[in-house]
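Next come the chains, spelled out residue by residue.
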Amino acid sequence: MPDVSAAAAAPEAAPPEAAAAGGPPGVFADLVGQDEAVATLRRAAAAAAAQLRQAAPGAEPAADPGAGMTHAWIFTGPPGSGRSVAARAFAAALQCASGTGCGTCPGCHTTMAGTHADVRLVAPEGLSIGVGEMRALVLRAASTPSGGRWQVVIISDADRLTEAAGNALLKAVEEPPPRTVFLLCAPSTHPDDVSVTIRSRCRVVPLRQPAPEAVAEVLVRRDGIAPDVARWAAAAAQGHVGRARRLAGDPQARSRRDAVLAVPRRLTGVGAAFDAASALIESAEAEAAASVAELDEAEKAALQTALGAGGTGRGAAGALRGAQGQLKDLEKRQKSRATRAQRDALDRALVDLAGFYRDALVAALRAPVAPVHTDTAALAEAGGQKWHAEGALRRLEAVLECRAAIEANVKPRIAVEAMMLALWKG
Ligand SMILES: [Zn+2]
């Protein structure tokens, strides 16, 4: 059962007026707990606007042209810290009529809504962004901005570029067209995530994991979630803004989390460990299937309509063969997207589980730190007493090793089974 009601009944509920404080309006409002990055981006947007004014006929020459503005940026930070939110907000500020990211002018509005003609977002369908997609994008990005300001390209998972796609991007970043800006998002600037050569051409905007208080504040202000539920969800999501919103609003997300947090007390033997592994994998598969099913169907229907069903004239057989090729192509892309969705779902479950053992470790050490999962805090404390700090740490490490193994392409089932056995043995 979802346990939000328990959180809602917590005695230390904040007074509702805490919600009314709110942040400043404008496109950066949803960038939670990132004051430093926002200041950098505001300065750059102002510099970019000044650059455009100077380029206008009859303008005074700038004292320091281009200060604070550059053509390629990398937004780094842990998942959920708001990398793509930051990139989109910056894109809006660049397209903003006043150059500030006011949030109300057409430039801001269409960029935030995803319909601005000069802002392109690349999000990988599968596990990687291919060279064809990147070449097409670079080509279009070189054109003159139709709105007279900037051509902005946002690459939401730059760590998923194939090597060839990275090279295609590098050429564009090395010799950028005068009005083109590339915004890359990646977990870090480690060479595994972004090539050293691309990194060397970009300015880095590091985002931090936002504090639970900041996440809770935005859930209350933006999404209208009750303050006590928002606080519970923000803590449980460990700084991941999107995940916190889902936990607060989606009962299914809550019951999946409950099932994950029930794992530690179910590990009573080898058989139970394998059962727990199967349950975790199957739950991730089901979650992923549900998340892509609707999109898959819609894409397939759209393609079938575009290809035109039926047809009996001359050449119909050839057209049919071509259509089947396109359908196969689509199915291949959808399969790759499903794989990625499964990995993401499994990773979320592992992060929840790691939070439980982290709570046990904190309890064993009697550290004055708030638990991640308030609703299983008593269980974690009991675990901490039984396992002591060393045992809790070994279990936490087993979860983190499982994440690393899956990241390194170990088959998820094998990695999860090994983890469950390690958690049981302790
Ligand atoms: Zn604006």
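Residues numbered from 1 in each chain as written. Predicted model: local features only at pLDDT ≥ 70, side-chain atom pairs only at ≥ 80, totals over all residues. Heavy atoms only, no water.

Describing the overall build of the protein
Regarding its fold elements, the protein presents 16 helices and five strands. Each of the 426 residues in the protein was classed as buried or not, and the buried ones make up 42%. By sequence separation, contacts in the protein at least 24 residues apart represent 74% of the contacts at least 6 residues apart. With the model as given, the accessible surface of the protein reaches about 21400 Å², and the carbon-plus-sulfur share is 56%. (Helix = DSSP H or I, 4+ residues; strand = E, 2+ residues; numbered from the N terminus. Buried < 20%, exposed > 50% of the residue type's maximum accessible area, 1.4 Å probe, protein only. Contact = heavy atoms within 4.5 Å. Areas by Shrake-Rupley, 256 points an atom, 1.4 Å probe, with all protein chains shown as cover.)

With respect to helix H16 (residues 412–425)
Its 14 residues give H16 an end-to-end C-alpha distance of 20 Å, which sits within 8% of 20 Å, the value for a rise of 1.5 Å per residue. Within H16, burial applies to Ala415, Val416, Met419, Met420 and Leu423. The buried residues of H16 occupy one face: seen down the axis, they fall within an arc of 135°. Along H16, exposed side chains directed more than 90 degrees from the buried face belong to Ile414 and Lys425. (Expected span 1.5 Å × (residues − 1). Arc of directions from axis to C-beta.)

Some remarks on the coordination of the zinc ion
In the first shell of the zinc ion, the protein supplies Cys96 (SG), Cys102 (SG), Cys105 (SG) and Cys108 (SG), at 2.3 Å from the metal. Each of the four donor atoms around the zinc ion contributes to a set of angles spanning 102 to 114°, which defines the coordination as tetrahedral. Read N to C, the donor residues that coordinate the zinc ion are spaced as C-x5-C-x2-C-x2-C. (Donors = N, O, S within 2.8 Å, 3.2 Å for Na, K, Ca; no water. Tetrahedral: all angles 85-135°; square planar, octahedral: opposite > 155°, others 65-115°.)

A short note on the pattern of salt bridges
Following the criterion strictly, the structure yields 17 salt bridges and no others. Note that glutamate 287 is salt-bridged to arginine 348, the shortest N-O span being 2.9 Å. With a gap of 61 residues between them, glutamate 287 in helix H13 (residues 270–307) and arginine 348 in helix H14 (residues 316–365) connect regions that are remote in the sequence. Overlapping salt bridges, with partners in common, bring together Asp157, Arg160, Arg340 and Asp344 in one network. (Salt bridge = Lys/Arg side-chain N within 4 Å of Asp/Glu carboxyl O.)

Quick look at the packing of helix H2 (residues 35–55) against helix H3 (residues 83–95)
The interhelical angle for the contact between H2 and H3, taken along N-to-C directions, is 30°, at an axis separation of 9 Å. When the axis of H2 is compared with that of H3, the two are roughly parallel. Taken as a pair, H2 and H3 cross one another with a handedness that is right-handed. Contact residues: Leu41, Ala44, Ala45 and Ala48 in H2; Ala86, Phe90, Ala93 and Leu94 in H3. (Axes fitted to C-alpha atoms, helices over the stretch in contact; angles between N-to-C directions. Parallel < 35°, antiparallel > 145°, perpendicular 65-115°, else oblique. Left-handed = near helix turned anticlockwise from the far one by under 90°.)

Re the sheet that holds strand S4 (residues 180–186)
Spatially, S2-S3-S4-S1-S5 is the arrangement adopted by the five strands of the open sheet, whose pairing is parallel. Edge positions in the open sheet fall to strand S2 (119–122) and strand S5 (203–206), since each of these has one partner strand only. Between one strand and the next, the sheet's axes are offset by a mean angle of 20°, whatever the strand orientation. Packing against the sheet, H2 makes contact with strand S1 (72–76) and S5, and its axis sits at approximately 165° to S1. (Pairing = 2+ DSSP bridges.)

Here we look at the packing of helix H10 (residues 241–249) against helix H11 (residues 251–261)
At a minimum axis separation of 5 Å, H10 and H11 run at an interaxial angle of 100°. Between H10 and H11, the angle is such that the two are roughly perpendicular. For the pair H10 and H11, the contacting residues are Arg243, Arg246, Leu247, Ala248 and Gly249 in the first and Pro251, Ala253, Arg254 and Arg257 in the second. A breakdown of the residues in the contact of H10 with H11 according to their chemical character gives four nonpolar, one polar and four charged. (Nonpolar A, V, L, I, M, F, W, Y, C, P; charged D, E, K, R; others polar.)

Side note on a nonpolar patch on the surface
Side chains of Val270, Phe274 and Trp424 sit close together on the surface and give an oily, nonpolar patch of about 240 Å² of accessible area. Looking at the element boundaries, valine 270 is found in helix H13. Look at valine 270 and you get partly exposed, because its relative accessible area is 41%. (Patch = residues over 30% accessible without salt bridge, like charges linked within 9 Å, V, L, I, M, F, W, Y side chains within 5 Å.)

Brief notes about unusual backbone geometry
The backbone of histidine 388 sits at a positive phi, close to 60°, despite the residue not being glycine. Even without being a glycine, asparagine 409 presents a positive backbone phi close to 75°. Mapped onto the fold, asparagine 409 is located in the loop between helix H15 (377–407) and H16.

Quick look at the confidence of the model for the protein
For the protein, mean pLDDT is 85; residues scoring 70 or higher make up 88% of the total. Predicted confidence for residues 1–24 stays below pLDDT 50, and this span has 26 contacts to residues more than four positions away or in other chains. (pLDDT = per-residue confidence, 0-100.)

Describing the environment of glycine 103
Among the secondary structure elements, glycine 103 is positioned in the loop between H3 and helix H4 (106–113). Overall, glycine 103 belongs to the partly exposed group, its relative accessible area being 31%. Separated by ten residues in the primary sequence, glycine 103 and alanine 93 place their C-alpha atoms 8.3 Å from one another.

What about the packing of aromatic side chains?
We describe a pair of aromatic rings using the distance from one ring centre to the other and the angle between the two ring planes. A complete count under the given rule lists three aromatic pairs for this structure. With centroids separated by 5.3 Å and ring planes inclined at 90°, the aromatic side chains of phenylalanine 356 and tyrosine 357 adopt a geometry described as edge-to-face. On the accessibility criterion, phenylalanine 356 (2% relative accessible area) is buried. Here tyrosine 357 and tryptophan 387 contribute two aromatic rings whose centre-to-centre distance is 5.6 Å and whose plane-to-plane angle is 35°, an arrangement assigned as tilted. With tyrosine 357 in helix H14 and tryptophan 387 in helix H15, this pair connects stretches of sequence that are 30 residues apart. On the accessibility criterion, tyrosine 357 (1% relative accessible area) is buried. Classification of tryptophan 387 as buried rests on a relative accessible area of 18%. These aromatic residues form a ring-pair network of at least three members: Phe356, Tyr357 and Trp387. Over the face of the ring belonging to tryptophan 150 we find arginine 179, whose NZ or CZ atom lies 5.9 Å from the ring centre. (Phe/Tyr/Trp six-rings, centres within 6.5 Å; stacked < 30°, edge-to-face > 60°. Lys NZ or Arg CZ within 6 Å of the ring centre and 35° of its normal.)

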